[in-house]
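Structural overview for review
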Number of protein chains: 2
Amino acid sequence: MTKLNVQLLMTGNELMTGDIVDSNSAFIANEFKNIGVTITRKITVADDLAILTAEISQISQQSDLLIINGGLGPTTDDLTAQALASAANLPIEEHPNALEHLTTWCAKRNAKLSAANLKQALLPKGCDIVANSIGSAVGFSLTINNCLIICTPGVPKELKLMVRDEITPTVKNLIGDSSQIFTKRMQVFGYGESGLQQLISDKLPQWPEQLEIGFRASMPLLELKVTYSSAFPSDERDLWLAQLESLLEHHIVHHITNRPISLAEQVNQLLSSNNLTLTTAESCTGGLIASQITQVSGASQNFHAGFVTYSNDMKSKLLNVNKTTLEEYGAVSEHTVIEMLKGALAISGAELGIAVSGIAGPTGGTDDKPVGTVWIAWGNHTHLNTVECLIPGTRWYFQQAVCAITLDLIRRFILNIKDTPRYLVDRAPKHIK
Amino acid sequence: MTKLNVQLLMTGNELMTGDIVDSNSAFIANEFKNIGVTITRKITVADDLAILTAEISQISQQSDLLIINGGLGPTTDDLTAQALASAANLPIEEHPNALEHLTTWCAKRNAKLSAANLKQALLPKGCDIVANSIGSAVGFSLTINNCLIICTPGVPKELKLMVRDEITPTVKNLIGDSSQIFTKRMQVFGYGESGLQQLISDKLPQWPEQLEIGFRASMPLLELKVTYSSAFPSDERDLWLAQLESLLEHHIVHHITNRPISLAEQVNQLLSSNNLTLTTAESCTGGLIASQITQVSGASQNFHAGFVTYSNDMKSKLLNVNKTTLEEYGAVSEHTVIEMLKGALAISGAELGIAVSGIAGPTGGTDDKPVGTVWIAWGNHTHLNTVECLIPGTRWYFQQAVCAITLDLIRRFILNIKDTPRYLVDRAPKHIK
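No experiment lies behind these values; they were computed from the predicted model shown.

Rules used in this analysis
Residues numbered from 1 in each chain as written. Chains lettered and ligands numbered in written order. Predicted model: local features only at pLDDT ≥ 70, side-chain atom pairs only at ≥ 80, totals over all residues. Heavy atoms only, no water. Helix = DSSP H or I, 4+ residues; strand = E, 2+ residues; numbered from the N terminus. Buried < 20%, exposed > 50% of the residue type's maximum accessible area, 1.4 Å probe, protein only. Lys, Arg positive; Asp, Glu negative; His and termini not counted. Salt bridge = Lys/Arg side-chain N within 4 Å of Asp/Glu carboxyl O. Polar contact = N/O pair within 3.5 Å; in protein donor to acceptor, adjacent residues only side chain to side chain. Contact = heavy atoms within 4.5 Å. Phe/Tyr/Trp six-rings, centres within 6.5 Å; stacked < 30°, edge-to-face > 60°. Buried area = accessible area lost by both parts, 1.4 Å probe. Pairing = 2+ DSSP bridges. Axes fitted to C-alpha atoms, helices over the stretch in contact; angles between N-to-C directions. Parallel < 35°, antiparallel > 145°, perpendicular 65-115°, else oblique. Left-handed = near helix turned anticlockwise from the far one by under 90°. Nonpolar A, V, L, I, M, F, W, Y, C, P; charged D, E, K, R; others polar. Least-squares fit on C-alpha atoms with pLDDT ≥ 70 in both.

1. Considerations on the side chain of Asp78 of chain B
All names here are of chain B. Within the element layout of this structure, Asp78 appears in the loop between strand S3 (65-69) and helix H4 (80-88). Buried charged residue Asp78 carries no salt bridge. Nearest counter-charge: Lys119, at 5.0 Å. At 3.4 Å, the side chain of Asp78 forms a polar contact with the backbone nitrogen of Gly73. Once you skip the residues sitting within four places of it in the chain, Asp78 turns out to touch Gly71, Leu72, Gly73 and Lys119.

2. Comments concerning the pattern of salt bridges
Residues and elements named next belong to chain A. One pass over the structure, following the stated rule, counts 23 salt bridges over all chains. In this structure, Asp408 and Arg412 form a salt bridge, with 2.9 Å as the shortest nitrogen-oxygen distance. Of the two residues, Asp408 and Arg412 are both situated in helix H15 (residues 395-414); the distance of four residues between them amounts to about one turn of the helix. Accessibility classification places Asp408 together with Arg412 in one group, the buried group. Connected via shared salt-bridge partners are Arg185, Arg216 and Glu223.

3. Focus: the packing of aromatic side chains
Residues and elements named next belong to chain B. A complete count under the given rule lists eight aromatic pairs over all chains for this structure. Their ring planes at 70 degrees and their centres at 5.5 Å tell us that Trp207 and Trp240 sit as a pair that is edge-to-face. Note that Trp207 is positioned in the loop between helix H8 (193-203) and strand S10 (212-218) and Trp240 in helix H9 (residues 234-248), a separation of 33 residues in sequence. Under the relative-accessibility criterion, Trp240 is labelled buried at 15%.

4. Some words on the interface of chain A and chain B
Across the boundary between the two partners, chain A contributes 57 residues, which contact 57 residues of chain B. With both chains or domains summed, chain A and chain B bury close to 4200 Å², and 54% of this area falls on carbon and sulfur atoms. When the buried surface of chain A facing chain B is broken down by residue, Met16, Lys42 and Tyr310 of chain A rank first, second and third, together holding 13% of it. Applying the counting criterion to the chain A and chain B interface returns four salt bridges. For the salt bridge of Arg41 of chain A with Glu55 of chain B, the shortest nitrogen-to-oxygen distance reads 2.3 Å. Elements with a contribution of two residues or more to the side of chain A that touches chain B: helix H2 (24-34), strand S2 (41-45), helix H3 (49-62), helix H11 (288-294), strand S14 (303-309), helix H12 (312-319), helix H14 (334-348) and H15 of chain A.

5. Here we look at the side chain of Ser316 of chain B
Residues and elements named next belong to chain B. Take Ser316: it is sitting in helix H12 (residues 312-319). Residue classification places Ser316 among the buried positions, given a relative accessible area of 11%. One polar contact links the side chain of Ser316 to the main-chain carbonyl oxygen of Val321, over a distance of 3.0 Å. Every residue in contact with Ser316, bar those within four places of it in the chain, is listed here: Val321, Asn322, Lys323 and Leu326.

6. Regarding the pairing of strand S12 (residues 252-256) of chain B
Moving residue by residue along a regular strand, the side chains alternate between the two faces of the sheet. All names here are of chain B. Counting buried residues in S12 gives four out of five residues, a clear majority hidden from the surface. Examined bridge by bridge, strand S9 (residues 181-188) and S12 share four bridges and lie antiparallel to one another. The residue of S12 that forms the bridge with Gln187 is His254.

7. What to know about the packing of helix H10 (residues 263-273) of chain A against H15 of chain A
Between two packed helices, both the angle of their axes relative to each other and the distance between the axes serve to describe the pair. All names here are of chain A. The N-to-C vectors of H10 and H15 enclose an angle of 30 degrees; their axes lie 9 Å apart at closest approach. One finds that H10 runs roughly parallel with respect to H15. Judged by the twist between their axes, the crossing of H10 over H15 is left-handed. The residues of H15 that touch H10, namely those facing Leu263, Ala264, Gln266, Val267, Leu270 and Leu271, are Ala404, Leu407, Asp408, Ile410, Arg411 and Ile414. The class makeup of the residues in the contact of H10 with H15 is nine nonpolar, one polar and two charged.

8. A short note on the relation of the copies chain A and chain B
Under the fitted operation, chain A is carried onto chain B by 1.2 Å of movement along the axis and a turn of 179 degrees, and the coordinates agree to an RMSD of 1.4 Å. Taken together, the turn and the small shift mark the pair as related by a two-fold rotation axis. Take the interface residues of chain A: 100% of them recur as interface residues in chain B, which is what a same-surface contact looks like.

9. Some thoughts on the packing of H14 of chain A against H12 of chain B
It is at 10 Å that the axes of H14 of chain A and H12 of chain B come closest, and there the two elements cross at 120 degrees. Here H12 of chain B runs oblique to H14 of chain A, going by the angle between their axes. Residues Ala346, Ile347 and Ser348 of chain A of H14 of chain A touch H12 of chain B, and the partners they reach there are Met314, Lys317 and Leu318 of chain B. Across the contact of H14 of chain A with H12 of chain B, the residue classes break down as four nonpolar, one polar and one charged.

10. Description of the pairing of S10 of chain B
Residues and elements named next belong to chain B. The sheet contact formed by S10 and strand S11 (residues 221-229) spans seven bridges and is antiparallel. By the bridge assignment for S11, Ile213 is matched with Val226. In this structure, the hairpin formed by S10 and S11 is closed by a connection of two residues.

11. Quick word on unusual backbone geometry
Residue and element names in this part refer to chain A. Backbone torsion omega between Met219 and Pro220 reads 0 degrees, so that peptide bond is classified as cis. Cis peptide bonds are those with omega within 30 degrees of zero, and the linkage from Gly361 to Pro362 qualifies with 5 degrees. As for its position among the elements, Pro362 is in the loop between strand S15 (352-358) and strand S16 (373-379). Located in the positive-phi region is Asn320, a residue other than glycine, with phi close to 60 degrees. Structurally, the position occupied by Asn320 is in the loop between H12 and helix H13 (323-329). With relative accessibility at 54%, the residue Asn320 sits in the exposed group. Positive phi values are uncommon outside glycine, yet Asn416 reaches one of about 60 degrees. Residue classification places Asn416 among the exposed positions, given a relative accessible area of 53%.

As C-alpha cells, this is what we get:
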C-alpha cells in the first residue's frame, strides 16, 4: 500500500471563536485510521478567501490528499469553492450535476430554488462532484500539484455519510487497498479499558496486530471493538475471536449487531422474555435503579413498584424491616438488605428483587463502615443472594456503580450464571456467597 | 489596542488519530474572544520532533503570539520543550524553578521524584516559567522572531487554570488593554436559548452590545452570561442588569457566584433551610425525581421515602389510591395524582410532596391522552396544586422534562411564588390553577 501525506483543512469562523468544538476532524481521522491512513497535519482557519487560498496552494505542494471541511453552504461566508478555484487558477462556473442535485433536493422539499441555493452549484471549472445524499451542498474534488483535494460539508451528519460512502472508497483506491474492513463490537461490564487491555496482553500475548483492538468507554459499559481486514484469514480470525470471548465470558453483556444497549435495557429484555417482574428497595441509590429500569420503553410490563426508603423509619414502615434488626445490625447490613428485599417482594408481588443499603457519602462513614460501603441483596423468594462491596469515589460515582452492579447481578441471576464476576473479586473478595 | 496575529499549535498523536476530540483550542479561543483577541490560524500535528520544530519556526515568522498546547508530559512522546529549543537554536537545561515546582508537587503527593518527572524540568535555556497550579508540568514561554511562544499542558483542567490565571493577563498586557472583564452568570429554568434571545430583543431592544449576552445550555437549566468590561459605566450597567432580572423574574433559579447548581440541589437547600421534608409518588418518571433529589449530598435530612407506583394495583396498594378513582378517571388523571400525593404525604409523614402520572411513550397514548400527557400534583396537606401538561418528544426527554418541571414547581411552592411560570403558559395553557 502507498503511504500518503494527508492533510485536513477545516474552515469556519465558529471554529476560530471557540463557539463550537470541531468533532468532524476526529471523525475523518478515525475513519481513515480504520483503513490504515494517518493524518499528517490539520489546519483550521476562519472563512477568509485570501487565507484559504494561500493554505490550499501551500498544502497542495506538500501533500497527496487534502480534505477541506466546511464553507460549502449558501451564505457569503462560504468560500471554499472560490478559494479552491483561485488556488487552481480556474474560473468558477455552474456545474450541471451540482445544479441537478440542487433542483432535485429543492423539489423533494417543495422549496423554491433560491439565489442563495444556486450559489452552491457554482464550482471550480472541471471539478468532479462528490455525492451528498442528504444535504443541499454537493462535495467536489480537484487535483492541483498532484494533490487530490476533496471539499466536504461542515454539517456533521452530511460529512459522515459522504466520508463513509464516497471518500473512504476513493482513498482506499489511492493507497491500492482492495480489501474490506470489518468490525466486531461487543459491550463488556466489569472491566475498565486498562484492565481489559492488561487481561488480553496477559492471557493472549500472541494476539495478532491485524485484529486491531479498540475501546470506547460508555460508562458503565465498555465497548470493545475488533477491526480486521477481509485479507486476514477468516479461520484464524474466528479462532482468536473465540478465545477472546471465552476469556471475557459472561462479562460480555451484549454483542452489538445494530446498536449498543444499556444494562437496564438488557435486564428489561430478559424480564420480558422470561415473563418475570422485578421490584427495587433502594436506600443509598435513592430511586436510581428504578429510574434506569423505567427509562426503557415497555418497562411497565416488567416493573410495577419500587421503594425508596432513605430513613430507618421508612424501611420499617414501607418494607416491614424489623426495628430490632435496624438497631442491632444497622441500616447498612446484610440483615437489613435481606429484610428490605423480602419486604419488597412480598408487598409488590414481583418475582425478582434488588435491595441496596449503603453509605454514598461524602459524610456518614465510620471506621467500621466507611463511605462507599454497600450491602446488596438480590434474587427471588427461594434464592436470595447478598454481597457487601466497597466502592470508594464520589457520591455520584458510587450511586452509578451500585446501580450498574445490581443490574448486572440480576442479569446474571436470570441467566443462571454461577461464575463470580470480576467486579466482585475486586470489590468484595471476602463476601462472595 | 494592538491587533495581534495569534496562532495555536496543538500537538498530540491522539488528536491526529481522532481518538479524542480537541476541546482545548475552543476553550482558548473563547477566553481570548472575551478580551477581544481572535485566533488567526490553528495547526494540529502529531508528536513528531521534526514536524513540531518546523511548524514553530514557520509560525514564529508570521505571528505575534503562538500558544502551543500539549506535549509537556513526562513520556518520550512529549516533545514540546525539545522542539521549541531546536526552533530557537537553544540548548535544553534543567530549569531551577521548574525543578522546584516538581519537587514540591511530588512532596505534596508523597511521591518520589522519578526520572520521567525530572524530564519535565528540562526546558529551553533562558525560558520563563508559567505557573501550573495543579499539575506536575509547568508551562514556559520564550520569544523567537518577535513572536511570544507560550507552551501549555494538554490536560484540560490544568490548561484552563493556566489560561485564566496566567496567560489571559499576559495577552491583555500585549494588546495594551488595562480594563478588566467581568461576567455575571445566572441559571434560568423555563426558557430555551432562542426563546430567551427573542424575549430580550423584544422587551429590551436597546440592550447595549457592550454588555455581551451569552448562553450555555446545561439541560434542563440554561446558563445566561453577561460579559462586560470595567470600562463600561457601572450605573448604566446596573440599570440594564436590573431590567434583565425583572424581565426573567422567578425563572432565575440561581445567581452563580461560585458554581452552577442543579434544580435538585436548589430544592434540597430550600428544604433544609425551611426545615421541611419531601416525598415523591412517581408513575411515569419511575423514580427519576427521587433519584435526582438523593443525588445531592445531605438529602437524607430532607427526603425519607419515595414511591414508584408504575401499575394501577401498586397505586392502590402502596398509596391507597381508590380503585374506583382509577377505574372512573384512569391512572393519568387529576383525581389519581391528588390521591397519590395524599397517600404519599400520609404514609411518609413528609410535609411536602410531588406526584406524577403520565404517558412517557412511545406507546400507550390515546386520542384523548396522547403520549406526552402528564398530570402533576404538588404541595402540602392544606395547599395542593395540580396541572396537566403536554410534553411531546422522546421517552427520555419526557421523563427529564417532567422531573425538572416538578422540581421547579416545588421550588416555587416553598418560595411562595404565585406567578405562572413560562413553561406552564406553553405546556398547560388551559389547566393553570
